[in-house]
Amino acid sequence: MLVLVAPGQGAQTPGFLTPWLELPGAADRVAAWSDAIGLDLAHYGTQADADEIRDTAVAQPLLVAAGILSAAALGDIAPGAVAGHSVGEFTAASFAGVLDDTDALTLVRKRGLAMADAAAITETGMSALLGGDPDTSVAHLEKLGLTPANINGAGQIVAAGTLEQLAALAGDKPEGVRKVVPLKVAGAFHTHHMAPAVDTLAAAAKAVAPGDPKVTYVSNKDGLAVTSGTEVLERLVGQVANPVRWDLCMETFKELGVTALVEVCPGGTLTGLAKRALPGVQTLALKTPDDLDTARALIAEHA
């Protein structure tokens, strides 16, 4: 049983889209998406530096475009389930047929702009906690006024809040936490700080007619499989200001009997979590087109 997953913000690196644009038809497809959303995806995916692609308004559509492009390069596949982390849920919604590619990218562009505006109101950020007991860590974060914005499983929680709150966390780690790592993101995503972006995205979503998922769609709100396209869209809007429960997604993968997990470009983050939380499950991250043949062989065995 194959699960196809898409990473969230922070997975991007300078130039990561370059080799994918060399695939037949890829450059034309990306150019059409760029025209549709008013953002030069090829430029940002090939020439921009780390600071430029850290910009929320750029990073989010860039990640979704890369995920859709790399999944298409796999050919006609039939995963048992799909899921995405944070903005990766829009990529997963495209995989599942809930949103067409242009609608997914148009909504994500508006999401990124709205979240960038929300992040500019207060100086905020996110830090990953490595190790420790989840319940102990969550209680400690709440004591400091921080939000456990991503509960990722495999011993990882991401805290979000103001820079002052994160500085306090760095000097006062929860018991058992080995390390606190600041993340290269531009705000406290999936917290109340993003509430202004929810209304903007909700208004944009009214112009979209979603389809029902054609494969099992696992929501990162609570790890549940969602069968209604309308509900998927509602969850995509609401998750902007609510925590990501990737730990519950992986629990659902177990219940579904997952045997292999493929993470689309720029893969690595979610396969790393799966290796720790889903022992025995074969994993593969699509980093460059050189990974496609190996991925196709894995898919042929498990899809």
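Preceding block: the structure.
Residues numbered from 1 in each chain as written. Predicted model: local features only at pLDDT ≥ 70, side-chain atom pairs only at ≥ 80, totals over all residues. Heavy atoms only, no water.

1. Focus on the overall build of the chain
Now for step 1: Looking only at helices and strands, the chain has 13 helices and 10 strands in total.
Now for step 2: The globule rule puts the C-alpha radius of gyration for 303 residues at 19 Å, and the 18 Å found for the chain is close to it.
Now for step 3: Buried residues in the chain amount to 55% of all 303 residues.
Now for step 4: A sequence separation of at least 24 residues applies to 73% of the contacts in the chain between residues at least 6 apart.
Now for step 5: Within the structure as shown, the chain displays about 12100 Å² of accessible surface, and the carbon and sulfur contribution to it stands at 51%.
Now for step 6: Once the 20 positive and 34 negative side-chain charges of the chain are each reduced to a mean point, those two points are 4 Å apart. (Helix = DSSP H or I, 4+ residues; strand = E, 2+ residues; numbered from the N terminus. Rg over C-alpha atoms; globule rule 2.2 N^0.38 Å. Buried < 20%, exposed > 50% of the residue type's maximum accessible area, 1.4 Å probe, protein only. Contact = heavy atoms within 4.5 Å. Areas by Shrake-Rupley, 256 points an atom, 1.4 Å probe, with all protein chains shown as cover. Lys, Arg positive; Asp, Glu negative; His and termini not counted. Charge placed at Lys NZ, Arg CZ, Asp CG, Glu CD.)

2. As for the packing of aromatic side chains
Now for step 1: Scanning the entire structure with this criterion turns up 1 aromatic pair.
Now for step 2: Judged by centre distance (5.8 Å) and plane angle (80 degrees), the ring pair of Trp 246 and Phe 253 falls under edge-to-face.
Now for step 3: Overall, Trp 246 belongs to the buried group, its relative accessible area being 1%.
Now for step 4: Using a relative accessible area of 0% as the deciding quantity, one classes Phe 253 as buried. (Phe/Tyr/Trp six-rings, centres within 6.5 Å; stacked < 30°, edge-to-face > 60°.)

3. Some words on the sheet that holds strand β4 (residues 147–153)
The pairing of strands in a sheet comes from backbone hydrogen bonds and takes either a parallel or an antiparallel form.
Now for step 1: An order of β4-β5-β3-β6 is seen for the 4 strands of this open sheet, with the pairing classed as antiparallel. Of all the strands in the sheet, just β4 and β6 (177–182) have a single pairing partner and so form its edges. For this sheet, the mean inter-axis angle between neighbouring strands, taken without regard to orientation, is 25 degrees.
Now for step 2: Sheet topology places β4 next to strand β5 (residues 156–162); 5 bridges connect them, and they run antiparallel. Bridge pairing links Thr 147 to Ala 160 in β5. (Pairing = 2+ DSSP bridges. Axes fitted to C-alpha atoms, helices over the stretch in contact; angles between N-to-C directions.)

4. Comments concerning the packing of helix α9 (residues 195–205) against helix α10 (residues 229–238)
A pair of packed helices is captured by two measures, namely the crossing angle of their axes and the spacing between those axes.
Now for step 1: Contact geometry for α9 and α10: axes closest at 8 Å, N-to-C directions at 155 degrees. As judged from the angle between their axes, α9 and α10 are roughly antiparallel. In this structure, α9 meets α10 at a crossing whose hand is right-handed. Mapping the contact onto sequence places Val 198, Leu 201, Ala 202 and Ala 205 in α9 and Leu 233, Leu 236 and Val 237 in α10. (Parallel < 35°, antiparallel > 145°, perpendicular 65-115°, else oblique. Left-handed = near helix turned anticlockwise from the far one by under 90°.)

5. Some words on the sheet that holds strand β9 (residues 260–263)
Now for step 1: What the 6 strands build is an open sheet, ordered β8-β7-β2-β1-β9-β10; its pairing is mixed. Looking along the sheet, the strands with just one partner apiece sit at the ends: β8 (225–226) and β10 (282–285).
Now for step 2: Bridge analysis of strand β1 (residues 2–6) against strand β2 (residues 81–84) gives 4 bridges, and the strand direction is parallel. Its bridge partner lying in β2, Val 3 is registered against Ala 81.

6. Describing the pairing of β9
When a strand is regular, its side chains alternate between the sheet's two faces.
Now for step 1: Neither face of β9 is exposed, since Ala 260 and Val 262 on one face and Leu 261 and Glu 263 on the opposite face are all buried.
Now for step 2: For β1 and β9, the ladder comprises 4 bridges, and the chain directions are parallel. Opposite Leu 2, over in β9, you have Ala 260 as the bridge partner.
Now for step 3: By the bridge criterion, 4 bridges tie β9 to β10 in an arrangement that is parallel. Note that in β10 the partner of Val 262 across the bridge is Leu 284.
Now for step 4: Chirality of the crossover, the property in question, places the unit of β9, helix α12 (residues 269–277) and β10 among those that are right-handed. (Right-handed = clockwise from strand over helix to strand, strands pointing away.)

7. Regarding unusual backbone geometry
Now for step 1: For the bond from Cys 265 to Pro 266, the omega torsion is -5 degrees, close enough to zero to count as cis.
Now for step 2: Turning to its location among the elements, Pro 266 is positioned in the loop between β9 and α12.
Now for step 3: Of note, His 190 is a non-glycine position whose phi angle comes to about 65 degrees, a positive value.
Now for step 4: Among the structural elements, His 190 can be located in the loop between β6 and α9.

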